[in-house]
Amino acid sequence: MSNYSDDDSKDETIPSFQFAISESKEELRFTHLNEEKLPQVIVIIGPPGAGKGTQSQKLVENRDFYVHLSTGDYIRKIARDSSSPLCETVKSFIDNNNLVSDELVTEAVKAFILKAHSEGKTALLDGYPRTARQAYELQQFAHVVMVLCLSLESDDCEERIAH
């Protein structure tokens, strides 16, 4: 593979990338140059009731280097924790029956990921990202090493949620 890089950028707001082209010209890979320095995360997606939380818990139990983040549970925990600097802001969204803003959710998730990384753990993200903006923001502070997509028929989703 031939490697090319754009790490001469003096503008800190523009990420630098390296790309590699295979000799057969069939493969092109872009790599953020700071990937190795970013915390690693695994994103788990799927419909309600598909088992995202269950599978995450199994991974955490079997591998002590994973930590599970259910975004909804984490946001509710922040709202109950008066010592959290985000508590009042999150509470006001919830009390007014509004969705917590992307910016606030991202700030909370980022804090969780950075804490996990400082402890040598990889975060398993359940419920984040939910929007394109969140997905973009996640890539600014973490390296997504894997996306696990759990699938389940809609009838089965309804059945699991009902029980």
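All chains use their own residue numbering, which begins from 1 and follows the written sequence. Only residues with pLDDT of 70 or above have their local features reported here, since the model is predicted, and side-chain atom pairs are shown and tallied only from 80 upward, although totals for entire chains, interfaces and linings are computed over all residues. Each side-chain value is derived from all of the structure's non-hydrogen atoms; neither hydrogens nor water enter the calculation.

Trainee: I tried to follow the overall build of the chain on my own but got confused; where do I start?
Mentor: Counting its secondary structure elements, the chain contains six helices and seven strands. By the criteria applied, helices consist of DSSP H or I runs no shorter than four residues and strands consist of E runs no shorter than two, each listed in order from the N terminus. From first element to last, N terminus to C terminus, the chain shows the α and β order β-β-β-β-α-β-α-α-α-β-α-β-α. Each residue's exposure class comes from its accessible area (1.4 Å probe, protein chains only) as a fraction of the maximum for that residue type: buried when under 20%, exposed when over 50%, partly exposed otherwise. Taken across its 163 residues, the chain has 30% of its residues classed as buried. Pairs of residues are marked as contacts when any of their non-hydrogen atoms sit within 4.5 Å. Pairs at least 24 apart in sequence give 58% of the contacts found in the chain among residues at least 6 apart. Summing over all exposed atoms, the chain offers an accessible surface of approximately 10,900 Å²; the carbon and sulfur share of this is 49%. Using the Shrake-Rupley algorithm and a 1.4 Å probe, accessible areas are obtained, with residue cover drawn only from the displayed protein chains.

Trainee: What should I look at first to understand the layout of surface pockets in this one?
Mentor: It is the rolling of a water-molecule-sized probe over the atoms that shows where space remains empty. Using only the protein atoms, space was sampled on a 1 Å grid; points where a 1.4 Å probe fits but cannot get out form cavities, open sets with protein on both sides within 12 Å along at least five of seven lines form pockets, and lining residues are those with an atom within 4 Å of a point. Grid points are joined across faces, edges and corners, and a volume is the space filled by probe spheres set on the points. The volume enclosed by the largest pocket comes to roughly 610 Å³. Thr71, Gly72, Arg76, Gly127 and Arg130 are the residues nearest the centre of the largest pocket, which is lined by 27 residues in total. It is helix H2 (residues 71–80) that contributes the most residues to the lining of the largest pocket, four residues altogether. Charged residues are taken to be Asp, Glu, Lys and Arg, nonpolar residues to be Ala, Val, Leu, Ile, Met, Phe, Trp, Tyr, Cys and Pro, and polar residues to be all remaining types, Gly included. Of the residues in the lining of the largest pocket, the class split is 12 nonpolar, 10 polar and five charged.

Trainee: Just checking my understanding: could you explain the packing of aromatic side chains for this structure?
Mentor: Ring pairs are drawn from Phe, Tyr and Trp, using the six-membered ring of Trp, whenever the two centres fall within 6.5 Å, and their geometry is named by plane angle: stacked under 30 degrees, edge-to-face over 60, tilted for the rest. Overall, the coordinates contain two aromatic pairs when judged by the stated rule. Ring centres 4.7 Å apart and planes at 55° place the aromatic pair Phe65 and Tyr66 in the tilted group. Relative accessible area serves as the criterion here: at 37%, Phe65 is assigned to the partly exposed category. Ring centres 5.3 Å apart and planes at 70° place the aromatic pair Tyr74 and Phe112 in the edge-to-face group. On the criterion of sequence distance, the pair formed by Tyr74 in helix H2 and Phe112 in helix H4 (residues 102–118) is long-range, its members being 38 residues apart.

Trainee: Mind showing me how you'd approach the pairing of strand S5 (residues 66–70) here?
Mentor: The side chains of a regular strand alternate between the sheet's two faces. In terms of residue burial, S5 counts as a mostly covered element, since four of its five residues are buried. Should DSSP find at least two bridges between two strands, the strands are regarded as paired. The sheet contact formed by S5 and strand S6 (residues 122–126) spans five bridges and is parallel. Of the residues in S6, the one forming a bridge with His68 is Leu124.

Trainee: Any chance you could explain the sheet that holds strand S7 (residues 143–149) here in plain terms?
Mentor: Two modes of strand pairing occur in sheets, parallel and antiparallel, and in both the strands are linked by backbone hydrogen bonds. The four strands lie next to each other as S5-S6-S4-S7, forming an open sheet whose pairing is parallel. Of all strands in the sheet, those bounded by a partner on one side alone are S5 and S7. Neighbouring strand axes in the sheet, compared pairwise and without regard to direction, differ in orientation by 25° on average. The pairing of strand S4 (residues 40–45) with S6 spans four bridges and is classified as parallel. Following the sheet pairing, Val41 is matched in S6 by Ala123. A fitted line through C-alpha atoms represents every axis, and for helices the fit uses only the stretch in contact; the resulting angles, taken between N-to-C directions, go from 0 to 180 degrees. On the sheet, helix H1 (residues 52–62) packs against S4, S5, S6 and S7 and is oriented at approximately 160° with respect to S5.

Trainee: Which parts of the structure should I look at to understand the packing of H2 against H4?
Mentor: In a packed pair of helices, the relevant descriptors are the angle between the two axes and the axis-to-axis distance. H4 packs onto H2 with a crossing angle of 95° between their chain directions and a minimal axis gap of 11 Å. Here H2 lies roughly perpendicular to H4, going by the angle between them. Within the contact between the two elements, H2 uses Thr71, Tyr74, Ile75 and Ile78 and H4 uses Val105, Ala108, Val109 and Phe112. Taken together, the residues that form the contact of H2 with H4 break down as seven nonpolar, one polar and no charged. Here the angle decides the label: under 35 degrees means roughly parallel, over 145 means roughly antiparallel, 65 to 115 means roughly perpendicular, and every other value means oblique.

Trainee: Where do I start with the nonpolar core in this structure?
Mentor: Among soluble globular proteins, nonpolar side chains are generally buried collectively. The term nonpolar core refers to a set of buried residues drawn from Ala, Val, Leu, Ile, Met, Phe, Trp, Tyr and Cys, joined through side-chain atoms within 4.5 Å. Counting 22 residues, the largest nonpolar core has Val90, Ile113, Leu125 and Leu138 as the members making the most contacts within it. Mapped onto this core, the elements with two or more residues apiece are S4, H2, H4, S6 and helix H5 (132–141). Sequence-distant contacts of Val90, that is, excluding residues within four places in its chain, are made with Ile75, Ile78, Ala79, Val100 and Leu104.

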